[in-house]
Amino acid sequence: MGKLVIAIVVAALSVLFGERMVNFRKRFLASNELVNSHLPNCVALKNLGEYSGSEDITIVGNGRAFISTGLEYPGIPVTDGTGKIFSLDMQDPRMKPVELRMPRNFDLESFNPHGISVYTDETDDTVYLFVVNHPQHKSQIELFRFVEDDLSLVHVKTITHELLYSVNDIVALGVDTFYATNDHYFTHEFLKGFVELLLAQPWSNVVYYSPEEVKVVSEGYYIANGINVSPDKGHIYVADMLVHEVHVLERKEDNGLVPVKAVAVGSLCDNIEVQPDTGDLWLGCHPNGLKLFMFDPKNPPGSEVIRVQNIHSDEPLVTRVYADDGQVIMGSSVAATYGGKLLIGSVFHKALCCDLE
Ligand SMILES: [Ca+2]
Ligand SMILES: [Ca+2]
């Protein structure tokens, strides 16, 4: 049965069972009221546009942050300009991101960067940047090598596969191995951006990729979004936006994933960053998904940063570190910390740098 037929059948059933609409509302609203809770000394990152977006940010060990900007995603307000990758040296007090020079042989016109992940090859300290790219709204992974001397990227290869059809985020585990989330089941823009949201079915999954083997390793998510790995590489974390949970999965020798538990985080969490020294999870979240997908500048979507400590213990500590009603920053999608500072990125708005204390 084709995907379209399945959609029509389920849509018809949904009409018959109206409570689905109630569930739908519940899922898209984490809380009815958002109380602002700001951090000290927040400033917008320089050089990024007011509306360029900074959907994903990751920071490597020496304090170098990578930022993906310019995402165009169905159903979300469009960002300014084309896709770019910025880098920010968090040890430099000027806190000024620099646009990375892109290789000449790379198609910049259609570059539409989404989730990112960095892998450092310890044998020679080469830094690889993995970028989810959606040229013409398709999904593929671009593998770049980062050249620190002249702040440029060298394009190593493009990875495509039929199982990588609606990729949101990735976590790299080797020079060409990674786990990736597919946030939707459909690839057609209308079905993905409208019908599927309305149906809210657990059709989203996690895929393992290596040149030798590609397989679905975990499924049953409503919208699998951010993905990351524990510092000891033993566990994978996946944010399921629509059920306001972060899933903990154990990695097996064959790279399969076994569910351990799901932790309630009280918001529609997007990307996940893991603090290397503590193992804490930092989540950029959407307190109100409806406001995000039905954008109204007079009633903008807010932002929330949530931290999860001791996630493997019996009592993980979930804390809301930052909250804003959208007057300062709309649609936060990622939060990453280094040296007492917190970077907050957003789907289509600015990026902030705040002091944690
Ligand atoms: Ca990421
Ligand atoms: Ca994401």
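Computed from a predicted model, the values in this text were never measured in an experiment. (Residues numbered from 1 in each chain as written. Chains lettered and ligands numbered in written order. Predicted model: local features only at pLDDT ≥ 70, side-chain atom pairs only at ≥ 80, totals over all residues.)

Our focus in this paragraph is the overall build of the protein. Summing up its helical and strand segments, the protein has four helices and 24 strands in all. The C-alpha radius of gyration of the protein comes to 19 Å, within 12% of the 21 Å expected for a compact globule of 357 residues. Reported as C-alpha extents along the three principal axes, the dimensions of the protein are approximately 60 × 50 × 45 Å. Counting over 357 residues, the protein shows a buried share of 44%. Excluding contacts between residues fewer than 6 apart, the proportion of contacts in the protein whose partners are at least 24 apart in sequence is 53%. (Helix = DSSP H or I, 4+ residues; strand = E, 2+ residues; numbered from the N terminus. Rg over C-alpha atoms; globule rule 2.2 N^0.38 Å. Buried ≥ 20, exposed ≤ 12 C-beta atoms within 10 Å, placed from the backbone. Contact = placed C-beta atoms within 7 Å.)

Glancing now at the UniProt feature "binding site: Ca(2+) 1" (unreviewed entry) in the protein. UniProt records the feature "binding site: Ca(2+) 1" (unreviewed entry) at E55, D56, I116, N168, N225, D270 and N271, using the numbering of this structure. The greatest C-alpha distance among the residues just named is 12.7 Å, despite their covering 217 residues of sequence, which places them together in space. On the secondary structure map, N225 appears in strand β14 (residues 224-229). Residue N225 is classed as buried on the basis of its 28 C-beta neighbours within 10 Å. Apart from the residues within four sequence positions on either side, N225 is in contact with N168, D169, T181, D183, A239, M241, C269, D270 and N271. Within the secondary structure, D270 is located in strand β18 (residues 268-274). Those residues in contact with D270, other than ones at most four positions away along the chain, are N225, G226, A239, M241, G284, C285, H286, S333 and V334. (UniProt positions renumbered as here; feature names shortened; annotations may be inferred.)

Before going further, it helps to spend a moment on the sheet that holds β14. Paired through backbone hydrogen bonds, the strands of a sheet run either parallel or antiparallel to each other. Strand order in the open sheet made by the four strands is β14-β15-β16-β17, with antiparallel pairing throughout. Of all the strands in the sheet, the pair left with one neighbour each is β14 and β17 (257-264). Averaged over all adjacent pairs, the angle separating strand axes in this sheet is 25°, with direction ignored. Relative to β17, strand β16 (residues 245-251) runs antiparallel, the two sharing seven bridges. Considered in β17, the bridge of V248 is made with K261. (Pairing = 2+ DSSP bridges. Axes fitted to C-alpha atoms, helices over the stretch in contact; angles between N-to-C directions.)

Within helix α3 (residues 189-199), the full set of buried residues consists of E196, L197 and L199. Down the axis of α3, the smallest arc covering the buried residues is 155°, so these residues share one side. Exposed and oriented more than 90 degrees from the buried face of α3 are E189 and F190. Positive phi appears at A200, one or two residues downstream of α3, with a value of about 45°. (Arc of directions from axis to C-beta.)

Glancing now at the UniProt feature "active site" (unreviewed entry) in the protein. The positions that UniProt labels "active site" (unreviewed entry) are, in the present scheme, H114. Inspection of the secondary structure assignment puts H114 in strand β6 (residues 113-121). Exposure remark for H114: the 25 C-beta atoms within 10 Å place this residue in the buried category. When sequence neighbours within four positions are dropped, the list of residues in contact with H114 reads E55, D56, S68, L71, V132, H134 and N168.

Moving on to the sheet that holds strand β10 (residues 167-172). Reading across the sheet, the four strands line up as β10-β11-β12-β13 and stay open at both edges, with antiparallel pairing between neighbours. Edge positions in the sheet fall to β10 and β13 (214-221), since each has one partner strand and no second. Going across the sheet, the axis of each strand differs from the next one's by a mean of 20°, ignoring polarity. Bridge analysis of strand β11 (residues 178-182) against strand β12 (residues 204-209) gives five bridges, and the strand direction is antiparallel. The residue of β12 that forms the bridge with T181 is V206.

So, about the nonpolar core. Formed by 80 residues in total, the largest nonpolar core has its most connected members in F130, I170, Y179, L283 and I344. Sequence-distant contacts of L283, defined by excluding residues within four places in its chain, comprise A239, V265, C269, I272, V305, I306 and A335. (Core = buried A, V, L, I, M, F, W, Y, C linked by C-beta atoms within 7 Å.)

This brings us to the pairing of strand β9 (residues 152-159). Sheet topology places strand β8 (residues 140-147) next to β9; seven bridges connect them, and they run antiparallel. Pairing of V147 across the sheet is with S152, part of β9. The turn linking β8 back onto β9 is made up of four residues, and L151 within it adopts a positive phi angle of 45°.

The topology assignment puts F130 in strand β7 (residues 126-133). Along the chain, F130 and D169 lie 39 residues apart, while their C-alpha atoms are 9.7 Å from each other. Sequence-distant contacts of F130, that is, excluding residues within four places in its chain, are made with I116, S117, Y119, I141, L143, I170, A172 and F178.

Within the secondary structure, R64 is located in strand β3 (residues 64-69). Take R64: there are 19 C-beta atoms within 10 Å of it, and that puts it in the partly exposed class. Through-space distance from the C-alpha of R64 to that of E148 is 10.0 Å; in sequence the pair is 84 residues apart. Discounting residues that sit within four places of it in the chain, R64 has contacts with I59, S87 and D89.

Phi is positive for N41, which is not a glycine, with a value near 55°. As for its position among the elements, N41 is in the loop between α2 (19-28) and β1 (43-44). In this structure, N310 is a non-glycine residue whose phi angle is positive, near 50°. On the secondary structure map, N310 appears in the loop between β20 (303-309) and β21 (317-324).

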